[in-house]
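For reference, the chains in residue letters:
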Amino acid sequence: MAERRSRPAPAAKKHAWRRTTRTPTDPPAPEADSAVAEVSPGAGADALVEAALYRDGVRVATPMSLADTFRELRDEPDGMAWIGLARPTEAELISLAAEFDLHELAVEDALEAHQRPKLERYGETLFVVLRAARYLDASEEVDFGELHVFVGPDFVVTVRHGAAPDLSGVRRRLEESPDLLGLGPEAVLYAILDAVVDGYAPVVAGVQNDIDEIETEVFGGDPAVSRRIYELSREMVEFQRATRPLVGMLHALMAGFAKYGTDEELQRYLRDVADHVTHTSERVDGFRQALADILTVNATLVTQQQNAEMRALAEAGFEQNEEIKKISSWAAILFAPTLVGTIYGMNFETMPELKWAGGYPFAILLMAVVCVSLYFIFKRRDWL
């Protein structure tokens, strides 16, 4: 194997390549065409999405396999290889490690998804883990992808786990700016970082819209809103894990500008990316706080609604109890004359006062006295 040589960075050049941040109203980035579409490892298919060899920012070869890429890069000592992989097999990563002298720990991380965003340096090779995100309008969910990037003196290897980001668009824009691409692997890393961070903008807009809808649902009394708040809060936790480490990573890159002789124009672009990452991270922190506040407000409104319902039930029970009191009072009042009348209607010969002329008026008077007495007793107790 030919010895790998570090290619000196060319002199700084003026170029017209600028950031291409997509706003939320822009159409989604086009999918890669059939020549560079994502290839899932399967029956006889490798994970190579696209490989290209560049010299002074211009594509000079498009190898069709990893072996061809390695061979042509050895024959082009001043060239740079950019290899894109999607969910590669262990054998493919081992061949890359052997060719580019990749550290075994970085290779092990690249085989597994669900890594935290980080930046590590192994000798002359940078290993970067990024979490890309995209907003799915149909399901109103945030989909996260993972991208691992190896950046060496004369190569860039991207290992993608997930649909985002659209690296074919990154490659196309860089190839349209050979002055920037001619700055070498650092320029490719910048463009990838820029694409990942730009991809956060539609997500932020989508989440903001979701939060606005949730606020409307909360104050509208939608009973299903609690579940939506919880699910969006979980997505914001993942979003925060994707964006917060990027701030420190980019500051670490900027701290090495002088040591590694980074081009001044590239330094400006990286600082711009760092500003966007900081802004996005702050927005995500704000979203988490807003969702926590909304959840508290929703719990308060639910509690108030439950209290109102309990109060209404209590009032209904009280009114029902008052009616029962009235009914019971009148039943007691009517029961007294019924009792007296029943006794006097038994017609026993030995019954007291049976021969008394005033017996009938006395019975009527007794009924009236008992009824009036019960009425005033119940009235004083507010039963009537």
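Before going into details, it helps to say that this report is about the structure given with it.

About the thresholds
- Residues numbered from 1 in each chain as written.
- Predicted model: local features only at pLDDT ≥ 70, side-chain atom pairs only at ≥ 80, totals over all residues.
- Heavy atoms only, no water.
- Buried < 20%, exposed > 50% of the residue type's maximum accessible area, 1.4 Å probe, protein only.
- Helix = DSSP H or I, 4+ residues; strand = E, 2+ residues; numbered from the N terminus.
- Pairing = 2+ DSSP bridges.
- Axes fitted to C-alpha atoms, helices over the stretch in contact; angles between N-to-C directions.
- Parallel < 35°, antiparallel > 145°, perpendicular 65-115°, else oblique.
- Left-handed = near helix turned anticlockwise from the far one by under 90°.
- Contact = heavy atoms within 4.5 Å.
- Nonpolar A, V, L, I, M, F, W, Y, C, P; charged D, E, K, R; others polar.
- Arc of directions from axis to C-beta.
- 1 Å grid on protein atoms, 1.4 Å probe; cavity = no way out; pocket = protein on both sides within 12 Å on 5 of 7 lines; lining within 4 Å.
- Points joined across faces, edges and corners; volume = space filled by probe spheres on them.
- Core = buried A, V, L, I, M, F, W, Y, C linked by side-chain atoms within 4.5 Å.

1. Concerning the pairing of strand β5 (residues 125-136)
Across a regular strand the side chains alternate sides, sitting on one face of the sheet and then on the other. For β5, a buried count of 10 out of 12 residues is recorded, marking the element as mostly surrounded by other parts of the structure. As paired elements, strand β4 (residues 118-122) and β5 share 5 bridges and run antiparallel to each other. Among the inter-strand pairings, glutamate 120 is bridged to a residue of β5, identified as phenylalanine 127. Once β4 ends, the chain turns through 2 residues before running back antiparallel as β5, passing glycine 123 with a positive phi of about 65°. Note that β5 and strand β6 (residues 141-151) share 11 bridges and pair antiparallel. Following the sheet pairing, arginine 131 is matched in β6 by glutamate 146. Connecting β5 to the next strand, β6, in antiparallel fashion are 4 residues, including glutamate 140 with a positive phi near 55°.

2. A word on the packing of helix α6 (residues 185-198) against helix α8 (residues 225-255)
Contact geometry of α6 with α8 gives a least axis separation of 13 Å together with a crossing angle of 155°. Taken together, the axis directions place α6 and α8 in an arrangement best described as roughly antiparallel. The interaxial crossing formed by α6 with α8 has left-handed handedness. Mapping the contact onto sequence places Leu189, Leu193 and Val197 in α6 and Leu246, Leu250 and Leu253 in α8. Here the contact of α6 with α8 is built from residues that sort into 6 nonpolar, no polar and no charged.

3. With respect to helix α3 (residues 104-111)
If you check which residues of α3 are buried, you get Ala106, Val107, Asp109 and Ala110. Taken around the axis of α3, the buried residues stretch over an arc of 160°, which confines them to a single face.

4. Describing empty space enclosed by the protein
Tallying each qualifying case throughout the model produces 2 cavities of 30 Å³ or more. Quantified by volume, the second largest cavity comes out at close to 30 Å³. Considering the residues around the second largest cavity, the lining is formed by Leu119, Val128, Leu189, Leu193, Met249, Leu250 and Leu253. Breaking the lining of the second largest cavity down by element, the ones donating at least two residues are α6 and α8. It is α8 that contributes the most residues to the lining of the second largest cavity, 3 residues altogether. The residue inventory of the lining of the second largest cavity, partitioned by class, reads 7 nonpolar, no polar and no charged.

5. Thoughts on the nonpolar core
Judged by nonpolar contacts, the single largest core of 61 residues is most densely connected at Leu130, Ile192, Leu193 and Phe239. By residue number, the principal contributor to this core is α8, which donates 11 residues. The residues contacting leucine 193, other than those within four sequence positions of it, are Leu130, Leu246, Leu250, Leu253, Leu270 and Val273. Ranked by size, the runner-up nonpolar core spans 24 residues in total, among them Leu66, Leu73, Ala97 and Phe155.

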